[in-house]
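These are the residues of each chain, in order.
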Amino acid sequence: MEASRGVLIAGNWKMNHGPKETRSFAAAAVSQWKTALSEKTRAAIQSGRLSAHVFPPSVSLESARDAFQETAVTVGAQNVHFEEKGAFTGEISGPMLKEIGVGWTLVGHSERRQYFGETNETVKKKAESHLRQGFTAVLCFGESRSEREAGETNSVLENQLKTGLPAEWNQRLILAYEPVWAIGTGLTATPEQAEEAHAFSRSILADRYGREAAVRTKILYGGSMTPENVRDLLKQPNVDGGLVGGASLKPESFLALLEGAGSLL
Ligand code: PEP
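Remember, predicted model here, so these are calculated numbers, not experimental data.

Within the element layout of this structure, Val102 appears in the loop between α4 (94-99) and β4 (104-107). Owing to a relative accessible area of 3%, Val102 belongs among the buried residues under this scheme. Sequence separation of Val102 and Leu157 is 55 residues, and the distance between their C-alpha atoms is 29 Å. If we skip the residues at most four places from it in the chain, Val102 touches Leu61, Val75, Gly76, Ala77, Leu97 and Phe135.

This is the structure in C-alpha cells:
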C-alpha cells in the first residue's frame, strides 16, 4: 500500500445474504465495531484513509443501505448493465441504483466473465457507462491457472486491461487484480506474485493514462484474502486493498480484515 492512495477493503458477497441476513450482518458489525476495531483503525476509517465496502446481491441493496446507514460502510452493486434502461431482462441499471442511493459498482468479475459471457468489450462499456453516470467502478481482471502455468500472466493482464479499460481515466476508477486460480480456492497469490502483477498493471495504466493517473489509481487484490494474510499482501507497495469473497461473509472476519488493514496505517 501507498498510504497517500488510501486503503480499501471491499466484501463481494456474491449470491449470499438476502435482505434478512444482510440486516443481521450489519447489526452484528455495528455492535462489534468498537471491540473488533482498534482506535487506530477507527480513526483511519473516520478520516477516509481506510474505507469499507460491501457488495450484496441486488435484492439486498436497500436493506444494506438502510442497515449500514449510520456506519462508514458503503454499499455497491455486483452487476449493473451499461445501458440506462430498456429491454434487458434480468438486468439492473445505473439510474435504478442512483434512485436507491447506491454509488459503487463491480465490473467484470471473473464469475461474470466465466458464467455470464462478459468480455473485455462489455467490461469496457460497463466501466465507461458507470463512470459517466457518476459511480465508482471496481474493474476486475486476472489470469486463469492454465494461463499462469503457461507463463502468459502478463500478456493476459495486458490484453484484459488494454481492451477493457475505459478510454478516459477517471478518479473513480478502481482496479481489482483477481487471479482466477485464487478465487474461492483457498490458494492465495504470494505477496510477491501479487506485487508483480500489480506493478505490471500500474505500468499499463501509465502507458494508457500517464504516470500521474497511474500513481493515483487504487489496485485491489482479490483471491482468498483472509484476516491471516491481509497484512502481508497490503504491505506490498502496489497493493491498495482487497476485494474479498469468502472472508467477507461473516461480520467477525470482515472486521478482522479491516483491523488488519488499519494496523498498517
Ligand atoms: C471474489 O469473489 O472477488 C473473491 C476474491 O473471492 P474469495 O475471497 O472467496 O477468493
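Attention now goes to the side chain of Glu118. Among the secondary structure elements, Glu118 is positioned in the loop between α5 (110-116) and α6 (120-132). Overall, the relative accessible area of 9% leaves Glu118 in the buried class. Among the polar contacts made by the side chain of Glu118, one reaches the side chain of Arg112 at a distance of 3.2 Å. With residues up to four places along the chain from it excluded, the contact list for Glu118 reads Asn79, Gly108, Arg112, Arg113, Val123 and Lys126.

The next thing to look at is the layout of surface pockets. Looking at the largest pocket, its volume works out to about 380 Å³. No other element matches α5, which puts four residues into the lining of the largest pocket. For the lining of the largest pocket, the class distribution of residues is six nonpolar, six polar and four charged.

Look at α6 against helix α8 (residues 153-164): their axes get within 8 Å of each other, and the N-to-C directions meet at 45 degrees. The orientation of α6 with respect to α8, classified from their angle, is oblique. α6 and α8 meet at a crossing whose hand is right-handed. Contacts between α6 and α8 pair Asn120, Glu121, Val123 and Lys124 from the former with Asn159, Gln160, Thr163 and Gly164 from the latter. Residue composition of the contact of α6 with α8, grouped by class: one nonpolar, five polar and two charged.

Moving on to the environment of Lys98. Looking at the element boundaries, Lys98 is found in helix α4. Take Lys98: its relative accessible area is 46%, and that puts it in the partly exposed class. Lys98 sits 37 residues away from Phe135 along the chain, and the two C-alpha atoms are 8.8 Å apart. Sequence-distant contacts of Lys98, defined by excluding residues within four places in its chain, comprise Gln133 and Phe135.

A word on the pairing of strand β1 (residues 7-12). Counted residue by residue, β1 has six buried out of six residues, so it is predominantly covered. Taking every second residue as pointing to the same face, both faces of β1 are buried, with Val7, Ile9 and Gly11 on one and Leu8, Ala10 and Asn12 on the other. Looking at chain direction, β1 and strand β2 (residues 50-55) are connected through six bridges and run parallel. Paired with Ile9 across the strands is Ala52, a residue of β2. Here β1 pairs with strand β8 (residues 241-244) via four bridges, running parallel. Opposite Ile9, over in β8, you have Gly242 as the bridge partner.

Our next topic: the packing of aromatic side chains. Here the structure, examined in full by the defined rule, presents six aromatic pairs. With centroids separated by 4.7 Å and ring planes inclined at 55 degrees, the aromatic side chains of Trp13 and Phe25 adopt a geometry described as tilted. Within this pair, whereas Trp13 is found in the loop between β1 and α1 (19-36), its partner Phe25 is found in helix α1, the two being separated by twelve residues in sequence. When the ring of Phe25 is compared with that of Phe68, the centres are 6.2 Å apart and the planes differ by 65 degrees; the resulting orientation is edge-to-face. Of this pair, Phe25 sits in helix α1 while Phe68 sits in the loop between α3 (61-67) and β3 (73-77); the two residues are 43 residues apart in sequence, bridging distant segments of the chain. For the residue pair Phe25 and Phe68, the accessibility class agrees, reading buried in each case.

Let's shift gears to the pattern of salt bridges. Close approach of charged atoms allows side chains with opposite charge to pair. Scanning the model with the defined rule gives 13 salt bridges in all. Among the ionic pairs, Arg132 bridges to Glu84, the shortest N-O distance being 3.6 Å. Note that Arg132 is positioned in helix α6 and Glu84 in the loop between β3 and α4, a separation of 48 residues in sequence. For Glu84, a relative accessible area of 37% translates into the label partly exposed. One salt bridge in this structure joins Asp240 and Arg202, with 2.9 Å as the shortest N-O distance. With Asp240 in the loop between α11 (230-234) and β8 and Arg202 in helix α9 (residues 191-209), this residue pair connects regions lying 38 residues apart in the sequence. You'll find Asp240 and Arg202 in the same group, each marked buried. Through salt bridges with shared partners, a single ionic network connects Arg5, Arg202 and Asp240.

So, how was this worked out
- Residues numbered from 1 in each chain as written.
- Predicted model: local features only at pLDDT ≥ 70, side-chain atom pairs only at ≥ 80, totals over all residues.
- Heavy atoms only, no water.
- Helix = DSSP H or I, 4+ residues; strand = E, 2+ residues; numbered from the N terminus.
- Buried < 20%, exposed > 50% of the residue type's maximum accessible area, 1.4 Å probe, protein only.
- Contact = heavy atoms within 4.5 Å.
- Polar contact = N/O pair within 3.5 Å; in protein donor to acceptor, adjacent residues only side chain to side chain.
- 1 Å grid on protein atoms, 1.4 Å probe; cavity = no way out; pocket = protein on both sides within 12 Å on 5 of 7 lines; lining within 4 Å.
- Points joined across faces, edges and corners; volume = space filled by probe spheres on them.
- Nonpolar A, V, L, I, M, F, W, Y, C, P; charged D, E, K, R; others polar.
- Axes fitted to C-alpha atoms, helices over the stretch in contact; angles between N-to-C directions.
- Parallel < 35°, antiparallel > 145°, perpendicular 65-115°, else oblique.
- Left-handed = near helix turned anticlockwise from the far one by under 90°.
- Pairing = 2+ DSSP bridges.
- Phe/Tyr/Trp six-rings, centres within 6.5 Å; stacked < 30°, edge-to-face > 60°.
- Salt bridge = Lys/Arg side-chain N within 4 Å of Asp/Glu carboxyl O.

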